[in-house]
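A structural walkthrough
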Amino acid sequence: MIELKHISKVFPTADGDLQALTDVTLTVNDGDVYGIVGMSGAGKSTLVRCINLLERPTSGQVLIDGADLCAMGEKELIRTRRSISMIFQQFNLLMQRTCLKNITFPMEIAGVRGEAARKRALELLDVVGLPDKADAYPAQLSGGQKQRVAIARALASDPKVLLCDEATSALDPKTTRDILRLIKDINRRLGITVVVITHEMAVVEEICTHVAILDHGRVMETGTVEEVFSNPKTEAGRRLVYPDRVVIDQFPAANVVRIAFNGGSSYEPLIASLAIDCGVKVNILGADTRNIDGKAFGTMLLGLPADPAEAAKAAAYIKSQPDVTMEEVRDYHG
């Protein structure tokens, strides 16, 4: 378990102190894939570097399985850090070493050398899907292949925790999906806790079980991905979860309701069923919905019929649906 308790980080600058993090408290349970998401400058990378004390917090505690890293001596901290590996946006591979020797490097530092290190490195190349790249150099690899080697290197110390700092930001969409699937598979197969730092909600949707939204160095809200995506409670959360409301139609409407999908089936059958079962047609004024693990989340604005009886019939039908909530939107102007 990772526990961050009241973490603050201040950087001194020529123009005065810069408050990068303020009173951050988070708990990441064993086996979680925990996303920390926010806009640029939110403090995400500083926070992830505080987890392994690459950045030492100005105040607060970083506990791994109950042991406070901030209170450790140098030797104990080095030992503890071996259980926390990290992958980066720019891969950070050693260009003069082959893929195999990049992976054996952390083992050599830990005192594992020779055939034992080579055998383990070959196993890890197989785990990340590059069994034929042992003798290749990083310059001969694509971006996705470099990140796979970096993941294999991160696994070489048999970590309990894998920190991913914008690990897919430099990759194209298809390669990003492939790398995220690999990380998710590693989490499932090896039981490694994963902390994902990202500014992309699509990354959170793809692999995370829990998420914290960071804004200007503060945690605004936390919860399971389903909880936060179905009902973001803060303005920072709404900006990230619903960055672009998809406008389908724009015109003045009197009977406007907002429906929220909270993990049920897709929203499309609801609208179709409303017309088929009730004989009531509604206008879709706007929508921002997404599918996470086959479940629908997000919101939709509907214009109900002007006739009060028809509107009431539609509202009653919507309210009767599982995993759907509805509220009236007053003074809608498109």
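The rules we used
- Residues numbered from 1 in each chain as written.
- Predicted model: local features only at pLDDT ≥ 70, side-chain atom pairs only at ≥ 80, totals over all residues.
- Heavy atoms only, no water.
- Axes fitted to C-alpha atoms, helices over the stretch in contact; angles between N-to-C directions.
- Helix = DSSP H or I, 4+ residues; strand = E, 2+ residues; numbered from the N terminus.
- Parallel < 35°, antiparallel > 145°, perpendicular 65-115°, else oblique.
- Left-handed = near helix turned anticlockwise from the far one by under 90°.
- Contact = heavy atoms within 4.5 Å.
- Nonpolar A, V, L, I, M, F, W, Y, C, P; charged D, E, K, R; others polar.
- Pairing = 2+ DSSP bridges.
- pLDDT = per-residue confidence, 0-100.
- Expected span 1.5 Å × (residues − 1).
- Buried < 20%, exposed > 50% of the residue type's maximum accessible area, 1.4 Å probe, protein only.
- Arc of directions from axis to C-beta.

**Quick notes on the packing of helix H5 (residues 143-155) against helix H6 (residues 173-190)**
Packing of H5 against H6 brings their axes to within 10 Å, and their N-to-C directions diverge by 20 degrees. Considering the angle they form, H5 stands roughly parallel to H6. Our pair here, H5 against H6, has a crossing hand that is right-handed. Along its contact with H5, which presents Gly 144, Gln 147, Arg 148, Ile 151 and Leu 155, the element H6 presents Thr 175, Asp 178, Ile 179, Leu 182, Ile 183, Ile 186 and Leu 190. The residue inventory of the contact of H5 with H6, partitioned by class, reads 7 nonpolar, 3 polar and 2 charged.

**Thoughts on the sheet that holds strand E4 (residues 59-64)**
Each strand in a sheet pairs with its neighbour through backbone hydrogen bonds, running either in the same direction (parallel) or in the opposite one (antiparallel). The strand order across the open sheet built from 4 strands is E2-E1-E4-E5, with neighbouring strands paired in antiparallel fashion. Looking at which strands have only one partner, the edges of the open sheet turn out to be strand E2 (16-28) and strand E5 (67-68). With 2 bridges connecting them, E4 and E5 associate as antiparallel partners. Of the residues in E5, the one forming a bridge with Leu 63 is Asp 68.

**Some remarks on the sheet that holds strand E6 (residues 84-88)**
One open sheet holds the 6 strands; their spatial order is E6-E7-E8-E3-E9-E10, and the pairing between them is mixed. Of all strands in the sheet, those bounded by a partner on one side alone are E6 and strand E10 (218-224). On average, each strand axis in the sheet is inclined to that of its neighbour by 15 degrees, with strand direction left out of account. The pairing of E6 with strand E7 (residues 161-165) spans 5 bridges and is parallel. Directly across from Ile 84, in E7, lies its bridge partner Val 161.

**Describing the confidence of the model for the protein chain**
For the protein chain, the average pLDDT comes to 85, and 93% of its residues sit at 70 or higher. Residue range residues 246-253 is modelled with pLDDT below 50. Its contacts to residues more than four positions away, or to other chains, number 17 contacts.

**Focus on helix H4 (residues 114-127)**
Here H4 is 14 residues long and its end C-alpha atoms lie 20 Å apart, about the 20 Å a rise of 1.5 Å per residue gives. By the burial criterion, the buried members of H4 are Ala 117, Ala 121, Leu 124 and Leu 125. Looking straight down H4, one finds its buried side chains confined to an arc of 105 degrees; they lie on one side. Relative to its buried face, H4 has exposed residues pointing more than 90 degrees away, namely Glu 115, Lys 119 and Asp 126.

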